[in-house]
Every structure is written in structure tokens, then in C-alpha cells.
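Examination of the molecular architecture
What follows is the residue order along each chain.
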Amino acid sequence: MLTNINELKEEQKDKHPGFGSYFECMSRAYLTGLATFSLVFPGLHFSQKIFARYLPYNPSKLGVLVSAVIASAGTYKVTADRTLDCQIAWVDSEKKPE
């Protein structure tokens, strides 16, 4: 069982030279997605409370659902874009010079 990330990086360093940076990039990508959800959800939820009279629906009934759906979609987009960038960087680092 893996108990130390540094051990894994050392094991893979010779076989995959870009593994360390890929691992760090993926960790940042997932944490960025988590931060996106953590900021968007409460921001939308409280915005709906403030602008309740201008909305075509009742925020006390659907507010959490709307906030969760929009925050989830935003989180997915941010995480997908970031992980794609990490994957492209990984492929570039694994290319061997001919």
C-alpha cells in the first residue's frame, strides 16, 4: 500500500521522468475544481436570496438545486480543462528525442 507520495515519485522517476510534475499538476487541477465548487455554490445561493424577487422561480424551494447544478457544471468544466492541460504536458514530457 502506498503510504508516501515521494516514494512513488522516486520509483517512477527513471521510467517516467515527467511523473512528478504530472502528479502535482493533477493534484492542483482537482483542488482547483473543489475550490471552484466551494466558491460558486455559496455565491449563487446567497445571490439568489438577495435577488429573489427578480427570479422566475422560488429560491426557497429550488435555490439549493439550482446552485448545486450550476456549481457542478462549472466545477466539471474547470477540472476537465485543467486535467486536459496536465495530460498534454505529460505526453510532451514523455516524448523521447529521436
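Presented here is an overview of the structure given in this document. Everything quoted here is computed from the prediction, not taken from an experiment.

**Here we look at the packing of aromatic side chains**
- Counted by the stated rule, this structure contains 3 aromatic pairs.
- Between the aromatic rings of Phe51 and Tyr54, the centroid separation amounts to 6.5 Å while the plane-to-plane angle is 45 degrees, which identifies the pairing as tilted.
- Classification of Tyr54 by relative accessible area gives exposed; the value is 60%.

**As for the state of the cysteines**
- Counting across every chain of the model gives 1 disulfide.
- One disulfide bridge connects Cys25 with Cys86, the sulfur atoms lying 1.9 Å from each other. Looking down the S-S bond of the Cys25 and Cys86 bridge, the torsion is -85 degrees, so its handedness is left-handed. Of the two residues, Cys25 is situated in helix H2 (residues 19-50) and Cys86 in helix H3 (residues 59-94); the sequence distance between them amounts to 61 residues.
- With relative accessibility at 2%, the residue Cys86 sits in the buried group.

**Digging into the packing of H2 against H3**
- Between H2 and H3, the shortest axis-to-axis distance is 8 Å and the interhelical angle comes to 160 degrees. Classified by the angle their axes make, H2 and H3 are roughly antiparallel. Viewed along their axes, H2 and H3 form a crossing whose handedness is right-handed.
- Of the residues belonging to the contact of H2 with H3, the class tally is 19 nonpolar, 13 polar and 1 charged.

**Quick notes on a nonpolar patch on the surface**
- A surface patch of nonpolar side chains, about 380 Å² in accessible area, is lined by Ile50, Phe51 and Tyr54.
- Tracing the sequence through the fold places Ile50 in helix H2.

**A word on the side chain of Thr79**
- Note that Thr79 resides in helix H3.
- Contact partners of Thr79, with chain neighbours within four places excluded, come to Ala29, Tyr30 and Gly33.

Calculation rules
Residues numbered from 1 in each chain as written. Predicted model: local features only at pLDDT ≥ 70, side-chain atom pairs only at ≥ 80, totals over all residues. Heavy atoms only, no water. Phe/Tyr/Trp six-rings, centres within 6.5 Å; stacked < 30°, edge-to-face > 60°. Buried < 20%, exposed > 50% of the residue type's maximum accessible area, 1.4 Å probe, protein only. Disulfide = S-S within 2.5 Å. Helix = DSSP H or I, 4+ residues; strand = E, 2+ residues; numbered from the N terminus. Axes fitted to C-alpha atoms, helices over the stretch in contact; angles between N-to-C directions. Parallel < 35°, antiparallel > 145°, perpendicular 65-115°, else oblique. Left-handed = near helix turned anticlockwise from the far one by under 90°. Nonpolar A, V, L, I, M, F, W, Y, C, P; charged D, E, K, R; others polar. Patch = residues over 30% accessible without salt bridge, like charges linked within 9 Å, V, L, I, M, F, W, Y side chains within 5 Å. Areas by Shrake-Rupley, 256 points an atom, 1.4 Å probe, with all protein chains shown as cover. Salt bridge = Lys/Arg side-chain N within 4 Å of Asp/Glu carboxyl O. Contact = heavy atoms within 4.5 Å.

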